[in-house]
Amino acid sequence: MSENDAKARPSPDLQAALAAFREAVGEAHVNVDPDALEAAQTATFATTQRVPAIVRPADTAQVQACLRIAAAHRVPVYPVSAGRNWGYGSRVPPGDGSVLLDLGRMNRILAHDEQLAYLTVEPGVTFRQAHAWLRERGSTTFITTIGGSPDASMVGNALERGDGRGPHADIFQHVCALEAVLPTGERVETGHARFPESRAAPVFRWGLGPVLDGLFSQSSLGVVTRMTFWLSRKQPWLREFFCAVNDDAQLWDMVDRLQALALDGTLRGSFFFWNDIKAFSVTQQFPYASVGRTPLPDWARDKFREGFGRWAISGALSAPDAEMGALLEKRLARAVEGAFRPLSFGPVAPDGESPFQGVPTEANLAMTYWRKRTPRPEDPDPDRDRCGFIWCSVAVPFTGQEAKRAVEIADRVPRLFGFEPNLALLAHSPRCLYLVAALAYDRDARGEDARAQACYRALSRELADAGYHLTRAGLQAQEAAPPVRDDSPEVGRRLKAALDPEGILAPGRSEP
Ligand SMILES: Cc1cc2nc3c(=O)[nH]c(=O)nc-3n(C[C@H](O)[C@H](O)[C@H](O)COP(=O)(O)OP(=O)(O)OC[C@H]3O[C@@H](n4cnc5c(N)ncnc54)[C@H](O)[C@@H]3O)c2cc1C
């Protein structure tokens, strides 16, 4: 859209749009309560965007109606499925004045096949809900979960190309048959789902012709109203493992050794290398009583390391039976020989119940309260409790050498800004690691919101300069896009103009 086009357009008519939304979804599902709007405008870092209303459609037809209304009245809308995008902007839209299109009412599980191991869901279905649903039915399958909130949306997470804990670490790699509503109100289905009576739609990703699925992930080109997830079969033998190293040189060596085990299939799915600060912040809050002020002094970090080590390595081995499991144990034990904390295994999980086999847990959310002076609550909600929390996640080739280069930056930059380097390397595939850095702070501490943003910008820039680019860009990344060397920005603008001629869907979110 050119500047002239924008000027020639009439301005948005919010009141007319609200009246039409009420007509489309019912009075009770258009919320303009100031407290609700205030909550929707709050993230785990500073934001300025205002949300004038929250609209909650019940089905695809209502989503189509809402987008047609938004286009007719030129009112921007921003879709969220569960809105737990903590560390990336929560529910806050990228553009000011966007109506929140909250898809939480669309929470039906539409199809399940035990033999072919898939589950088709609407966007409001959460990890907790899917897990309970499968368990109630005595299913032998499970959905890969995340380290974030159990109440996050499976669809919202997959669209962000989230990282899972379990065999399908790359979640978007294991979905198909999307239904999406374009900003014009048109409806498209991907793969074979668009053919009437297609038998293979939920089991065949590609379909015929160009693959459209990717258009709707990390994008502002459509609202996804249905998605099929591939499930995994529970393995009867599953043991979580843990060991730790105490010096960085040993870590790089372990990265290479475990990459080899990932490539040969001994380690299937995700496993993690996580540093002492991450461990500290999951198990306890900042020790103000003994340390006084932030940031954590080296002596306190060293003390924690004495018992824990510098980097932990954890994951799970799984097998169809104990005999094969014992072989895997042996291979892993050989690879991590000489670790500072020797390899240990948890008990064989009864019924295979483990976060690595679909059981969602809130344990990791404790991290967001690291620097709070108030105790962690029973029901964590980092937006509500003014926890400062920003993720910076970049892709790194899975070698010790590359991990060393990237970690050197991510360990150094946060400290320059007075934050502890909270780091993890996640095995995303046998070829790629995600280096995930968390900036955890207290939004009630003066100046920390601004300092954390500055730190994020410096960190993401330095990582990009070294060749390590973001896997996922939240609101915090809006002003920090690195330069590109091709024509993708212009192509992205043309795509956006073609699919969203009124520019009403998530304006401000970058394409591609
Ligand atoms: C301590 C902690 C640990 C975490 N661990 C993980 C982890 O292990 N893995 C991980 O991936 N994330 C993790 N997260 C980040 C985040 O919480 C999750 O990614 C979460 O799944 C995102 O929230 P949601 O699923 O509710 O999606 P939403 O907030 O609903 O949406 C996320 C984004 O997708 C877009 N979107 C949502 N629904 C639609 C739709 N139907 N159509 C079009 N666009 C849509 C939204 O506009 C938004 O930009 C963690 C966060 C914290 C604080």
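Basis of the calculations
Residues numbered from 1 in each chain as written. Predicted model: local features only at pLDDT ≥ 70, side-chain atom pairs only at ≥ 80, totals over all residues. Heavy atoms only, no water. Helix = DSSP H or I, 4+ residues; strand = E, 2+ residues; numbered from the N terminus. Polar contact = N/O pair within 3.5 Å; in protein donor to acceptor, adjacent residues only side chain to side chain. Contact = heavy atoms within 4.5 Å. Core = buried A, V, L, I, M, F, W, Y, C linked by side-chain atoms within 4.5 Å. Buried < 20%, exposed > 50% of the residue type's maximum accessible area, 1.4 Å probe, protein only. Domains from an automatic or database assignment. Salt bridge = Lys/Arg side-chain N within 4 Å of Asp/Glu carboxyl O. Arc of directions from axis to C-beta. Expected span 1.5 Å × (residues − 1). Near = heavy atom within 4 Å. Areas by Shrake-Rupley, 256 points an atom, 1.4 Å probe, with all protein chains shown as cover. Nonpolar A, V, L, I, M, F, W, Y, C, P; charged D, E, K, R; others polar. Axes fitted to C-alpha atoms, helices over the stretch in contact; angles between N-to-C directions. Parallel < 35°, antiparallel > 145°, perpendicular 65-115°, else oblique. Left-handed = near helix turned anticlockwise from the far one by under 90°. Pairing = 2+ DSSP bridges. Phe/Tyr/Trp six-rings, centres within 6.5 Å; stacked < 30°, edge-to-face > 60°. Lys NZ or Arg CZ within 6 Å of the ring centre and 35° of its normal.

**Overview of the side chain of Arg371**
Thinking step 1. With respect to the helices and strands, Arg371 occurs in the loop between β15 (341–345) and β16 (387–397).
Thinking step 2. In this structure the side chain of Arg371 is engaged in a polar contact, spanning 3.1 Å, whose partner is the side chain of Glu420.
Thinking step 3. In contact with Arg371, not counting residues within four places along its chain, are Phe286, Tyr288, Thr294, Pro295, Gly418, Phe419, Glu420, Ala440, Tyr441, Asp442 and Glu448.

**Some thoughts on the environment of Thr126**
Thinking step 1. One can find Thr126 in the loop between β6 (118–121) and α5 (127–136).
Thinking step 2. Along the chain, Thr126 and Gly104 lie 22 residues apart, while their C-alpha atoms are 9.2 Å from each other.
Thinking step 3. At a separation of 3.0 Å, a polar atom in the side chain of Thr126 contacts the main-chain amide nitrogen of Gln129.

**Here's the deal with the nonpolar core**
Thinking step 1. By size, the foremost hydrophobic cluster in this structure holds 55 residues, and its most contacted members are Leu258, Phe271, Phe273, Leu435 and Leu463.
Thinking step 2. In terms of residue count, helix α7 (residues 248–263) provides more of this core than any other element does, seven residues in total.
Thinking step 3. Viewed by domain, this core spans two of them, domain 1 (3–104) and domain 3 (237–476), each represented by three or more residues.

**Observations concerning the pattern of salt bridges**
Think of it this way: side chains of opposite charge can pair up when their charged atoms draw near.
Thinking step 1. Evaluation of the coordinates by the stated rule reveals 41 salt bridges.
Thinking step 2. Put simply, Arg443 and Asp449 hold a salt bridge, and the shortest N to O gap is 2.9 Å.
Thinking step 3. Classification of Arg443 by relative accessible area gives buried; the value is 12%.
Thinking step 4. Overlapping salt bridges, with partners in common, bring together Asp248, Asp276, Arg301, Asp302, Arg305, Arg310, Asp411 and Arg415 in one network.

**Things to note about the domain arrangement of the chain**
Thinking step 1. Once the domains are mapped, the chain shows domain 1 (3–104), domain 2 (109–233) and domain 3 (237–476).
Thinking step 2. The interface of domain 2 with domain 3 comprises 24 residues on the first partner and 20 residues on the second.
Thinking step 3. Scanning the region where domain 2 abuts domain 3 turns up three salt bridges.
Thinking step 4. Two residues, Glu362 and Arg128, come together in a salt bridge whose shortest N-O distance is 3.4 Å.
Thinking step 5. Linking domain 2 to domain 3 there are seven residue pairs in polar contact (both at pLDDT 80 or more).
Thinking step 6. Examining the composition of the side of domain 2 that touches domain 3, we find that four residues originate from one element, α5, more than from any other.

**As for helix α10 (residues 298–308)**
Thinking step 1. Turning to α10, its buried residues number three or more, namely Ala300, Arg301, Phe304, Arg305 and Phe308. Looking straight down α10, one finds its buried side chains confined to an arc of 140°; they lie on one side. Away from its buried face, by an angle of more than 90 degrees, α10 presents the exposed residues Asp298, Lys303, Glu306 and Gly307.
Thinking step 2. Taken from the residues just after α10, Gly309 is the one with a positive phi, measuring 100°.

**A word on helix α14 (residues 488–499)**
Thinking step 1. Relative to the 16 Å expected for twelve residues at 1.5 Å per residue, α14 spans 16 Å between its end C-alpha atoms, a close match to the ideal helical length.
Thinking step 2. Considered for burial, the residues of α14 that qualify are Ser488, Gly492, Lys496 and Leu499. Along the axis of α14, the buried residues cluster in a sector spanning 80°; they form a single face. With respect to the buried face of α14, the exposed residues turned more than 90 degrees away are Arg493, Arg494 and Ala498.

**Some details on the site of the ligand**
Thinking step 1. Near the ligand there are 34 residues, and of these Tyr78, Pro79, Ser81, Gly147 and Arg472 occur at the shortest range.
Thinking step 2. Contacts to the ligand include Ser81, whose backbone N or O atom sits 2.7 Å from an oxygen atom.
Thinking step 3. Contact with the protein chains removes 96% of the 960 Å² of surface that the ligand exposes when unbound.
Thinking step 4. When residues of the shell around the ligand are traced back to their parent elements, those giving at least two are β3 (77–80), α6 (154–159), β10 (223–230) and β16.
Thinking step 5. Its residues assigned to classes, the shell around the ligand shows 17 nonpolar, twelve polar and five charged.

**Section: the packing of helix α12 (residues 400–416) against helix α13 (residues 448–465)**
Thinking step 1. Running from N to C, α12 and α13 point in directions that differ by 160°, and their axes come no closer than 10 Å. For the element pair α12 / α13, the angle class is roughly antiparallel. As for the relative orientation of α12 and α13, their crossing is right-handed in sense. Between α12, through Ala406, Ile409, Ala410, Arg412, Val413 and Pro414, and α13, the contact on the second element is made entirely by Cys455, Ala458, Leu459, Glu462 and Leu463.
Thinking step 2. Looking at the contact of α12 with α13 residue by residue, the classes come out as nine nonpolar, no polar and two charged.

**Side note on the sheet that holds β3**
Thinking step 1. Taken together, the four strands give an open sheet; going across it, the order is β1-β2-β4-β3, and neighbouring strands pair in mixed fashion. The sheet is open, and its two edges are formed by β1 (30–31) and β3, each paired on a single side.
Thinking step 2. Sheet topology places strand β2 (residues 54–55) next to strand β4 (residues 99–102); two bridges connect them, and they run parallel. Looking at the pairing, Ile54 lines up with Leu100 of β4.

**Considering the packing of aromatic side chains**
Describing an aromatic ring pair means giving the distance of the ring centres and the angle of the ring planes.
Thinking step 1. Enumeration according to the criterion identifies 13 aromatic pairs in this entry.
Thinking step 2. Relative to Trp370, the ring of Phe286 lies with its centre 5.4 Å away and its plane at 70°, an arrangement referred to as edge-to-face. Of this pair, Phe286 sits in the loop between α8 (276–283) and α9 (288–291) while Trp370 sits in the loop between β15 and β16, and the two are 84 residues apart along the sequence.
Thinking step 3. The class of Phe286 is buried, set by a relative accessible area of 4%.
Thinking step 4. When the centroid spacing of 4.9 Å and the interplanar angle of 85° are considered together, the rings of Phe389 and Trp391 count as edge-to-face.
Thinking step 5. The class of Trp391 is buried, set by a relative accessible area of 17%.
Thinking step 6. Taken together, Phe242, Trp274, Phe280, Phe286, Tyr288, Phe304, Phe308 and Trp370 form an aromatic cluster joined through their ring pairs.
Thinking step 7. When the ring centre of Trp133 is taken as origin, the NZ or CZ atom of Arg137, which lies over that ring, is 3.8 Å away.

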